[in-house]
Amino acid sequence: MDPHAAHSDPSPRDEQTPHAGHASHADPSEPETQAGHAEHDAHAGHDTHASHAGHDKHAEHDTHAEHDTHAGHGTSPGNDAHARHDKHAGHGTSPGNDAHAGHDKHAGHSPEMFRRKFWGSLALGVGVLAFDPHFWSLFGKQAPFGNGAPWVAPLLGTALYVYGGAPFLKGAVDELRIRRPGMMTLVALGITVAYVYSLAVALGWASGMALWWELATLVVVMVLGHWIEMASVQRASHALDNLAALVPATAHRLHPDGSTEEVPLANVGVGDRLLVRPGEQVPADGRVQDGASSVNEAFLTGESRPVSKAVDDEVVAGSINGEGALTVEVLRTGEATTLSQIQRLIADAQASRSRYEGLADRAAGVLFYVAVGAGAATFVGHLLLGLPLALAVERTITVLVMACPHALGLAIPLVIANATALAARNGLLLRNREAFERARDVRVVGFDKTGTLTEGRFGVTAVVPAEGIDADAALRLTAALEARSEHPLAAAILAAARQHGLAVPPVEDFDVTAGKGVSGRVEGKRVWVGRPGWETEFGLAADASLGEALHHAEARGESAVILFDAQRPLALVSLADQVRPSAREAVAQLKALGLETVMITGDADAVAQTVAQELGLTKAIARVLPAEKAARVRELRTAYGKVAFVGDGINDAPALLEADLGIAIGAGTNVAIESADVVLVENDPVDVVRVLRLSDLTYRKMRQNLFWATSYNVVALPLAAGLAAPWGITLTPAAGAVFMSLSTLIVAANALSLRRARL
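Residues numbered from 1 in each chain as written. Predicted model: local features only at pLDDT ≥ 70, side-chain atom pairs only at ≥ 80, totals over all residues. Heavy atoms only, no water.

1. A closer look at the overall build of the protein
Here is step 1: Along its length, the protein carries 24 helices and 22 strands.
Here is step 2: Here the analysis covers contacts within the protein between residues at least 6 apart in sequence; of these, 71% occur between residues at least 24 apart.
Here is step 3: Approximately 28,700 Å² of the protein is accessible, and the part contributed by carbon and sulfur atoms is 57%. (Helix = DSSP H or I, 4+ residues; strand = E, 2+ residues; numbered from the N terminus. Contact = heavy atoms within 4.5 Å. Areas by Shrake-Rupley, 256 points an atom, 1.4 Å probe, with all protein chains shown as cover.)

Below is the structure:
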């Protein structure tokens, strides 16, 4: 039972009073406790200073009547026409199909499917190469089996074309249906031309060299590229599942006679009275009718500190009840609950997120038109010049095959795979390929406060003793009483005493006073610790130094407890959430990069401004409700440009999804992590800088690879078309294939060089 029902809170949101009434186990034989119980319906001590209401970043949860503002708070109602028009749309995104929903080139695909395709295609490809005499002729050798089985290569090639090429053929149909040819169409063109031409040669319908080995290498390389791509970028989002799992399946419904009945949650309605026992999760949003307890809302807020709940306070579905039984009248159920509204916010943000076409797709789209145009020009040009039809066909085929993107298919996936490896070594978990494209233009970084810039745990900031007692003695006495509590404030005071090497004496005759604090006999003397103002009920007045210390703590948004004995106040201990040691360095480095830094928090303004000033942030936006965080991100985008947002709580999930780059602190909730583009495994704000550097480096490598993957066409296509034939310079399909292989090796080497980069 937490004694700190009464620790001070300078925030005006006193109705939340996280610790008020936190002494429901106080001994009723004590007069003070009896007084507390006599006023139980009103929760004695639940005054304006009770607890730390508003001290944390989620003071907004003090009254959840406002949570109806979540309803319909979707960022993009109605999902625009292109809401899901990206290459991976449909993989974990919300429903709400639009006109272009079916344009996803990987609809129904998965990394596992491409993995199977790769190994199957590789086996078929090895067989093709083993039986293809033209492949062995490149090395001046004869095929070990080819001469004895001339139909094996065509049969294996056909199987490879149908099995390994199926995703690309289907994707090409989808791209052509919407008149937007891209990578799938270009790959399908290359493998189809190679297959049809090779089959025609095998059947004797055309002269020339069959391209079975070219078909095999093309299919295997492209399947491998798409496997790497999907494995790198496709992470199913479990955010909504994680949220749904927070709500218990059953509830204890109270009958008028006081008996209880366990019923399925679906049978709970508004107005029902539920019994929430210690340690249980709250089944639905409601208002406390009887009882007092502390409730852990960390699932929603990311806060480590429990929130006191007493009569007339609201509780939200999914929060965990602490030590006292609560009788709760249901206010909202099902989709109307705060939890469901947050779910809807996340789904809306997922649906409304901007979609970026892949750079390789755009390059492939251009290359498709170049290839078709060059092929047609080659064929027509040869005929107009009176050259043989067979030569025109051969060179046209060479042009179309040369344009097929071996290197282009690996250019982006290889960079992403190596960037992922580099990120992992630096404690960064990359979850979204498109985040790199967005992050390079980030102009402002928004931070949540608690658990992000701060550690989410309290520490003692000052011990101000009255005249005649030193700070260590005051801290020893305070810690002695707090040793009986597991409350975060108590734990912080006890930790401070241990850090100072103080021996904490035992306490006797320990007592808890609801809504005020605790008392006990320490070293033969009765002392009290609780909210400032409790001492006045004993006719005691704090001296000027303690009054000034309290004023200073309130101005900074800190929490405070007062220590007093029967004669006078002895000391004031102030506490605050501890700023992460690396937060200041992170802000300084971001500023050095020319970025603005903004804190968006639900905490009181005094707390927010204190932290912002200490860290040197550009600005702080305080008292922001969970539903408003995404709106604040949009405002930052309007004011500054692209936004990165860093957070750790469920209430940060809509903002993480709304931001151009969402970054989750690794110690945060699963929902925050699943909603982010990047997760900082080490919980270090400096890693935000590393993310942005990696983003810029990755994008540059992508551009370099796209250059190497496509630039060979500038030389290869004219040669394949025969433009240099008058000078005796020609490019056969086999020579062109070697040319392309060199381009692929350059792309791979450039991507691998990313592993050596320092962030």
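Further notes follow.
2. With respect to unusual backbone geometry
Here is step 1: Although it is not a glycine, Asp312 sits at a positive phi angle of roughly 80°.
Here is step 2: By the secondary structure assignment, Asp312 is in the loop between β6 (307-309) and β7 (314-315).
Here is step 3: A positive phi angle is found at Arg623, which is not glycine, with a value near 55°.
Here is step 4: Mapped onto the fold, Arg623 is located in the loop between β19 (619-621) and α20 (626-640).

3. A short note on the packing of helix α2 (residues 111-131) against helix α4 (residues 152-177)
Here is step 1: It is the contact of α2 with α4, at a shortest axis distance of 9 Å, that shows an interaxial angle of 160°. The angle between α2 and α4 places the two elements in the roughly antiparallel class. Helix-helix and strand crossings are classified by hand; for α2 and α4 the assignment is left-handed. Touching Phe114, Arg116, Lys117, Gly120, Ser121, Leu124, Gly125, Gly127, Val128 and Phe131 of α2 are Val152, Ala153, Leu156, Gly157, Ala159, Leu160, Tyr163, Gly164, Ala166 and Pro167, all from α4.
Here is step 2: Across the contact of α2 with α4, the residue classes break down as 12 nonpolar, six polar and two charged. (Axes fitted to C-alpha atoms, helices over the stretch in contact; angles between N-to-C directions. Parallel < 35°, antiparallel > 145°, perpendicular 65-115°, else oblique. Left-handed = near helix turned anticlockwise from the far one by under 90°. Nonpolar A, V, L, I, M, F, W, Y, C, P; charged D, E, K, R; others polar.)

4. Examining the sheet that holds strand β2 (residues 260-264)
Here is step 1: Strand order across the open sheet formed by six strands is β2-β1-β3-β9-β4-β7, with antiparallel pairing between neighbours. The strands lining the two open edges of the sheet, one partner per strand, are β2 and β7.
Here is step 2: As defined by bridge partners, strand β1 (residues 250-254) adjoins strand β3 (residues 273-276) across two bridges and the pair is classed as antiparallel. The residue of β3 that forms the bridge with Arg253 is Leu274. (Pairing = 2+ DSSP bridges.)

5. A closer look at the confidence of the model for the protein
Here is step 1: With 72% of its residues at a pLDDT of 70 or more, the protein shows a mean pLDDT of 75.
Here is step 2: Long-range and interchain partners of residues 348-357, a stretch whose pLDDT sits below 50, account for 40 contacts in this model, where long-range means more than four residues apart. (pLDDT = per-residue confidence, 0-100.)

6. Observations regarding the packing of aromatic side chains
Here is step 1: Throughout the structure, instances matching the rule amount to eight aromatic pairs.
Here is step 2: Ring centres of Phe118 and Trp119 lie 5.0 Å apart, and the angle between their planes is 65°; on these two criteria the pair is classed as edge-to-face.
Here is step 3: Residue class for Phe118 comes out buried when judged on its relative accessible area of 9%.
Here is step 4: Judged by its relative accessible area of 48%, Trp119 falls in the partly exposed class.
Here is step 5: With a centroid separation of 4.4 Å and 5° between ring planes, the pair formed by Tyr161 and Tyr195 is classed as stacked. Of this pair, Tyr161 sits in helix α4 while Tyr195 sits in helix α5 (residues 183-202), and the two are 34 residues apart along the sequence. Exposure class is identical for Tyr161 and Tyr195. Each is buried.
Here is step 6: Taken together, the ring pairs connect Trp528, Trp534, Phe538 and Phe564 into an aromatic cluster.
Here is step 7: Here the basic side chain of Lys117 rests over the ring of Tyr163, its NZ or CZ set 4.3 Å away from the ring centre.
Here is step 8: Directly above the aromatic system of Trp528 lies the positively charged group of Arg526, at a separation of 6.0 Å from the ring centroid. (Phe/Tyr/Trp six-rings, centres within 6.5 Å; stacked < 30°, edge-to-face > 60°. Buried < 20%, exposed > 50% of the residue type's maximum accessible area, 1.4 Å probe, protein only. Lys NZ or Arg CZ within 6 Å of the ring centre and 35° of its normal.)

7. Brief notes about the pairing of strand β14 (residues 517-522)
Here is step 1: Buried residues dominate β14, accounting for five of its six residues.
Here is step 2: When strand β13 (residues 507-513) meets β14, the two strands line up antiparallel, connected through five bridges. By the bridge assignment, Val512 is partnered in β14 with Val518.
Here is step 3: Linking β13 to β14, which pair antiparallel, is a turn of three residues; within it Gly515 sits at a positive phi near 75°.

8. Remarks on the side chain of Asp687
Here is step 1: The residue Asp687 is located in helix α23 (residues 687-720) in this model.
Here is step 2: Discounting chain neighbours no more than four positions away, the residues touching Asp687 are Asn426, Gly427, Leu428, Leu680 and Glu682.

9. Side note on the pattern of salt bridges
Here is step 1: Per the stated rule, a full pass over the model turns up 26 salt bridges.
Here is step 2: Residue Arg556 is joined to Glu558 by a salt bridge in which the shortest nitrogen-to-oxygen separation is 3.1 Å.
Here is step 3: For Glu558, a relative accessible area of 7% puts it in the buried group.
Here is step 4: Put simply, Glu658 and Arg634 hold a salt bridge, and the shortest N to O gap is 3.3 Å. Linking Glu658 in helix α21 (residues 653-658) with Arg634 in helix α20, this pair joins segments that are 24 residues apart in sequence. (Salt bridge = Lys/Arg side-chain N within 4 Å of Asp/Glu carboxyl O.)

10. Remarks on the packing of helix α18 (residues 583-592) against α23
Here is step 1: At a minimum axis distance of 8 Å, the contact between α18 and α23 shows a crossing angle of 30°. With respect to each other, α18 and α23 are oriented roughly parallel. Note on element contacts: α23 touches α18 through Val688, Val689, Leu692 and Arg693, opposite Ala586, Gln589 and Leu590.
Here is step 2: Residue classes in the contact of α18 with α23 are distributed as five nonpolar, one polar and one charged.

11. Quick look at α23
Here is step 1: Under the 1.5 Å per step criterion, the end-to-end length of α23 is 49 Å for 34 residues, consistent within 8% with the ideal 50 Å.
Here is step 2: Most pronounced at Val714, the bend in α23 amounts to some 35°, and the proline Pro718 follows within four residues. (Expected span 1.5 Å × (residues − 1). Bend = angle between axes of the 7 residues up to and from the residue.)

12. Thoughts on the nonpolar core
Here is step 1: Counting residues in each nonpolar core, the largest one holds 49 residues, and the members touching the most others are Val445 and Leu661.
Here is step 2: For this core, the element with the highest residue contribution is α23, accounting for nine residues.
Here is step 3: Ignoring sequence-local partners within four residues, the contact set of Leu661 consists of Ala435, Arg438, Ala439, Val442, Val643, Ala644, Phe645, Asp677, Val678, Val691 and Leu692.
Here is step 4: Membership of the second largest hydrophobic core comes to 44 residues, among which are Ile191, Tyr197, Leu215 and Ile397. (Core = buried A, V, L, I, M, F, W, Y, C linked by side-chain atoms within 4.5 Å.)

13. Focus: the sheet that holds strand β10 (residues 428-430)
Here is step 1: Here seven strands make up an open sheet; going across it, the order is β10-β22-β21-β20-β11-β18-β19 and the pairing mixed. Pairing within the sheet leaves two strands with one partner each, and these edge strands are β10 and β19. With strand direction ignored, the average angle separating the axes of adjacent strands in the sheet is 20°.
Here is step 2: With three bridges connecting them, strand β21 (residues 661-665) and strand β22 (residues 678-680) associate as parallel partners.

14. Brief notes about the pairing of strand β4 (residues 285-290)
Here is step 1: With five bridges connecting them, β4 and strand β9 (residues 326-332) associate as antiparallel partners. Considered in β9, the bridge of Val288 is made with Val328.
Here is step 2: Taken together, the two bridges between β4 and β7 define a ladder with antiparallel strand orientation. For Gly286, the partnering residue across the bridge sits in β7 and is Val315.

15. So, α5
Here is step 1: When the terminal C-alpha atoms of α5 are compared, their 28 Å separation across 20 residues agrees well with the 28 Å that a helix rising 1.5 Å per residue should span.
Here is step 2: Positioned one or two residues after α5, Gly204 has a phi angle of 80°, which is positive.

16. Re the environment of Arg690
Here is step 1: Mapped onto the fold, Arg690 is located in helix α23.
Here is step 2: Taking the relative accessible area as the measure of exposure, Arg690 reaches 24% and is therefore partly exposed.
Here is step 3: With 264 residues separating them along the chain, Arg690 and Asn426 place their C-alpha atoms 8.2 Å apart.
Here is step 4: Not counting chain neighbours up to four residues away, the residues in contact with Arg690 comprise Asn426, Leu428, Asp684 and Leu759.

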